[in-house]
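Residue strings, one per chain:
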Amino acid sequence: MKRFSYVVTGMVRLLGVLVAFGALSAHAQTAAQNSITALNVSSADSGTTVIKVELAQPLANPPAGFTINTPPRIAFDFPNTANGLGKSVQEFAEGDLRSANIVQAGNRTRLVINLHQMLAYDTKIDGNTLLITLQGKAVAAAPVVTSSRFAEAKKGAQQHSLRDVDFRRGKNGEGRIQVDLSDPGVGIDIRQQGTTLIVDFLKTSLPRNLQRKLDVVDFATPVQGVDTFAQGDNVRMVIEPKGLWEHAAYQTDNKFIVEVKPVADDPNKLVKGGQAGYAGEKLTLNFQKIDVREALNVIADFTELNMVISDTVSGNLTLRLKDVPWDQALDIILQSRGLDMRKNGNVIQVAPREELAAKEKIDLAARQEISDLEELRTESFQLSYQKGDAMVALLASDKQRILSKRGSAVVDPRTNTLFIQDTPSRLEEARKLIKQIDVPVRQVMIEARIVEASDKFGRNLGVKLGYTGPGAVPGGGFAVGSNTPTATRATLNGSNVNLPAAGAAGTFSMILFNAAATKFLNLELTALETDSMGKIISSPRVVTADQVEANIEQGTEVPYQQASSSGATTTAFKKATLSLKVKPQITPDDNVMMDVNVTKDSVGATTFNGVPTIDTNKVTTQVLVENGGTVVIGGVYAQTDTTTVNKVPMLGDVPVLGSLFRNTNRIDNKSELLIFISPKIMKDALNLR
């Protein structure tokens, strides 16, 4: 009797749980009133592709949609709708249409259409069917709008703009960034980059008063700051969240809204840390030694999922869980008994880990055998920008081989056509790689300006003094300072104090004599002052592709004679050139990183043993410059101040009169060399002019 009482008690508890599960399931069915039952694709003669989404009930309004440019996707949100297809991925092979993903979250289902390139589209409701028509022509940047009709922007149309950027805190602690647009046709690209969220508004201007960074830490949301700034023809918004978060973006007319919601750790979750929380409906389980298969059946009945349980699953367990998400409860059951699962659509297969691993290993081995026996196909690719030899080396690289071990690739150099022979799956991978790599390389024009400025000043003062009369020693017999060196010796006979200014341009002469004209005193003053200013500007320019080194050189080669080891004389040359060697790298934000080597050489004034000297000015550096900007990468400033005095000893030091016995030469020269560098990313219409 006692044992029977335990069994009855357990059955009553199990029945109560199942009744509760049935109530929760009925509530979930009531919330999801509609469902997607089929998804078909057809092509029209006009080049358009039509996607037919069949639903259990007709839609009252077209679903809200938005696009993502990288990768190209179109997404639609169906409220109060479930996924009734039995799978979450459906592959297509119609033009630029690749596949579709159907994801259900609660009572909402999102349909994501994956494309090869972004296409314009429109939607139409036809009874229980939603018709999505993809246009045949690609658009440069599909707008992010909720309207069901997307139109390509007309050429020459006025550029879009942002009117306002506002931040608010939602009732559930989410950060809400609201952007007022000038019109609904603004192209928007949103993506997650590292720990930040990047939103690009394409072909859009930003007023100066909106170019700011919002510090929103005080709002107590995951968002710490919002930085909005102009970047070329676009506007970029950088959202900086913190901690665990998820985001959602939508647009209504002229308002674009990004919500960043916090993802909190569930206190009932066994695994703490950075993992995302469980999202299933909560349930309560209280079982004593229940069979594992029965516990899994309870989970399957609650979730309405199809569950396949292996015959090797056995054993009992005791559960006491309160208000736990069902996916966490399933994870707990699997972990406690060493089980694992594989999900395909709404079918879950449960088996011991070793059994699933062995089965997957057998499947992989079978696929490998099929790949080794699969028929090879040959396909040709006409390359437009990439060299065929470089593409072959990339596809057949030993480090990361794209082709299979049976695959091969050859190139026809004359037509630059690549021929690949491999299995169909590997051919598809090669096709994607070639489409991504065979693109034109951006080009950069680099201009260097070398400015040489000089300011020269010189002043020379000199004198000639002589005496003629009785007592003078002919031929310099009467000498003054005869013990001094010859260079500074002066004699009083005619004009024998001879210290004139070198290259004098001005002369003042004076002769004093007595009344009988028997004694003469000759005085001649010479002076020269020079002042010159000059500027030399050299501007070499060169165009090169991204990450390709370029060199431009202009100048002369100076010949000179040198003796060889055999004793013969040969002619050698030394370069005196103006050269610019640069290797640019375009960054993702359209700045230019450059390795620069600028040389400005000239022939020196002297030679050494017949070998000419070269005056060198050289700068080697690495610099980051914005597109179209200018930066000074080097400069040399030199100043020479020299004063030279030639005088007669002792007499040249006499105050006032000493000026008649000395020569003064002063030089004050200044020179400055500046090197500017200016990169500019070239467009199709840009050239060297």
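About the thresholds
- Residues numbered from 1 in each chain as written.
- Predicted model: local features only at pLDDT ≥ 70, side-chain atom pairs only at ≥ 80, totals over all residues.
- Heavy atoms only, no water.
- Helix = DSSP H or I, 4+ residues; strand = E, 2+ residues; numbered from the N terminus.
- Buried < 20%, exposed > 50% of the residue type's maximum accessible area, 1.4 Å probe, protein only.
- Contact = heavy atoms within 4.5 Å.
- Expected span 1.5 Å × (residues − 1).
- Polar contact = N/O pair within 3.5 Å; in protein donor to acceptor, adjacent residues only side chain to side chain.
- Arc of directions from axis to C-beta.
- Phe/Tyr/Trp six-rings, centres within 6.5 Å; stacked < 30°, edge-to-face > 60°.
- Pairing = 2+ DSSP bridges.
- Axes fitted to C-alpha atoms, helices over the stretch in contact; angles between N-to-C directions.

Asks: Looking at this model, I keep getting lost on the overall build of the protein. Mind explaining?
Replies: In terms of helices and strands, the protein carries 6 helices and 41 strands. Burial statistics for the protein: of 689 residues in total, 36% are counted as buried. Contacts in the protein between residues far apart in sequence, at least 24 positions, make up 62% of those at least 6 positions apart.

Asks: Even after reading the chapter, I still don't get unusual backbone geometry, so can you show me in this structure?
Replies: Trans peptide bonds make up most of the peptide bonds, and negative phi angles are found at most residues other than glycine. Backbone geometry at Gln547 places phi at a positive 65°, although glycine is not the residue there. You can see Gln547 is positioned in the loop between β35 (541-545) and β36 (550-563).

Asks: Please explain helix α2 (residues 292-303) as it appears in this structure.
Replies: Turn by turn, an α-helix covers 3.6 residues, leaving residues three or four places apart pointing in a common direction. With 12 residues, α2 extends 17 Å between its outermost C-alpha atoms, agreeing within 8% with the 16 Å of an ideal straight helix rising 1.5 Å per residue. Residues of α2 that are buried include every one of Val292, Ala295, Leu296, Val298, Ile299, Ala300, Phe302 and Thr303, and no others. The residue sitting at the N-terminus of α2 and contributing the capping side-chain oxygen is Asp291; that oxygen lies 3.0 Å from the backbone nitrogen of Arg293. Looking one or two residues past α2, Glu304 carries a phi angle of roughly 60°, positive in sign.

Asks: What exactly am I supposed to notice about helix α5 (residues 388-395) here?
Replies: Restricting attention to buried positions, one finds in α5 the residues Gly388, Met391, Val392 and Leu395. For α5, the arc enclosing every buried residue in end-on projection is 100°, short of the 170-degree limit, so these residues lie on one face. As for α5, its buried residues are in contact with β27 (408-412), β28 (417-422) and α6 (424-437).

Asks: How do you make sense of the packing of aromatic side chains when you look at a structure like this?
Replies: Two numbers describe a pair of aromatic rings. These are the distance of the centres and the angle of the planes. Following the criterion strictly, the structure yields 3 aromatic pairs and no others. Taking the centre distance of 5.5 Å and the plane angle of 80° together, the rings of Phe76 and Tyr121 count as edge-to-face. On the criterion of sequence distance, the pair formed by Phe76 in strand β4 (residues 73-79) and Tyr121 in strand β9 (residues 119-126) is long-range, its members being 45 residues apart. Using a relative accessible area of 1% as the deciding quantity, one classes Phe76 as buried. We classify Tyr121 as buried; its relative accessible area is 1%.

Asks: I'm lost on the sheet that holds strand β7 (residues 97-105) in this one. Help?
Replies: Through backbone hydrogen bonds, the strands of a sheet pair up, either in parallel or in antiparallel fashion. On the basis of which strands lie adjacent, the open sheet formed by 5 strands has the order β3-β4-β8-β7-β6 and antiparallel pairing. For this open sheet the edge positions go to β3 (64-68) and β6 (89-94), each flanked by a neighbour on one side alone. Each strand axis lies, on average, 20° off the axis of its neighbour in the sheet, ignoring direction. Two elements, β7 and strand β8 (residues 108-115), share 8 bridges in a ladder whose sense is antiparallel. Counted as the bridge partner of Ala105 is Arg108 from β8.

Asks: Can you help me understand the sheet that holds strand β24 (residues 339-344) in this one?
Replies: Pairing in this open sheet of 3 strands is mixed, and the strands run β22-β25-β24 from one edge to the other. Edge positions in the sheet fall to β22 (306-309) and β24, since each has one partner strand and no second. For this sheet, the mean angle separating the axes of adjacent strands, direction not counted, is 20°. Running at roughly 165° to β22, α2 makes contact with β22, β24 and β25 (347-352) of the sheet. Of the strands in this sheet, β24 and β25 are in contact with helix α4 (residues 353-373), which crosses β25 at around 110°.

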